[in-house]
Amino acid sequence: MPKTLGDARQEALVAFLIAKRKAAGLTQVELAARMRVFQSHVSRIEGGERRIDVVEFIKLGNVLGFDPSTAIRDLMGIEDSAGPQPLPSQRQGHCFRIKRYRAVRPPCTAFR
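Notes on the structure in this doc start here. Fair warning: this is a prediction, and the values are worked out from it, not measured in the lab.

This part covers the nonpolar core. Leu17, Leu31, Ile52, Phe57, Leu60 and Phe66 are the most contacted members of the largest nonpolar core, which has 15 residues in total. Broken down by secondary-structure element, the contributors of at least two residues to this core are α1 (8-23), α2 (28-35), α3 (39-46), α4 (54-64) and α5 (68-76). Leaving out residues up to four positions away in the same chain, leucine 17 has contacts with Ile45, Ile52, Phe57, Leu60, Leu64 and Phe66.

If you want it as structure tokens, here you go:
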């Protein structure tokens, strides 16, 4: 199964969730508290670094006030990307520290 992080649908989902959170007037910290997760969990979702499972998506729908099934139907209308796309911060040339449990990214060349 191809990876979905960086996919057009994943990016649309992330943008949708950020817009819904802001429309609800919540910060990442407040959303995390309502979902009973750490703020870093919400940050990784919104940063496109983490996938969302179905149960978590339903919970997000309940907290942010949207219908998950309608959102999925809208996402299905988006074409798949031809291949994995870099994360937005990778396209801007930012460097990353490699952390345990994260995918290894290419070495930083910004300071060479």
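Picking up after the structure, the text goes on.
Within the secondary structure, phenylalanine 38 is located in the loop between α2 and α3. Using a relative accessible area of 68% as the deciding quantity, one classes phenylalanine 38 as exposed. Taking the C-alpha atoms as reference points, phenylalanine 38 and glutamine 28, separated by ten residues in sequence, lie 9.2 Å from one another.

Counting through the fold element by element, arginine 51 comes out in the loop between α3 and α4. Sequence separation of arginine 51 and valine 14 is 37 residues, and the distance between their C-alpha atoms is 9.6 Å.

Because an α-helix packs 3.6 residues into every turn, residues spaced three or four apart end up facing the same way. Every buried residue of α4 is accounted for by Glu56, Phe57, Leu60, Gly61 and Leu64. The arc enclosing the buried residues of α4, seen along the axis, measures out at 145°, which places them on a common side. Of the exposed residues in α4, the ones pointing more than 90 degrees away from its buried face are Val54, Val55 and Asn62. Residues of α4 that are buried make contact with α1, α2, α3 and α5. For α4, the capping residue at the N-terminal end is aspartate 53, with a side-chain oxygen 3.2 Å from the backbone nitrogen of valine 55. Looking at the residues trailing α4, positive phi occurs at glycine 65, about 80°.

Cut-offs and rules
- Residues numbered from 1 in each chain as written.
- Predicted model: local features only at pLDDT ≥ 70, side-chain atom pairs only at ≥ 80, totals over all residues.
- Heavy atoms only, no water.
- Core = buried A, V, L, I, M, F, W, Y, C linked by side-chain atoms within 4.5 Å.
- Buried < 20%, exposed > 50% of the residue type's maximum accessible area, 1.4 Å probe, protein only.
- Helix = DSSP H or I, 4+ residues; strand = E, 2+ residues; numbered from the N terminus.
- Contact = heavy atoms within 4.5 Å.
- Arc of directions from axis to C-beta.
- Polar contact = N/O pair within 3.5 Å; in protein donor to acceptor, adjacent residues only side chain to side chain.

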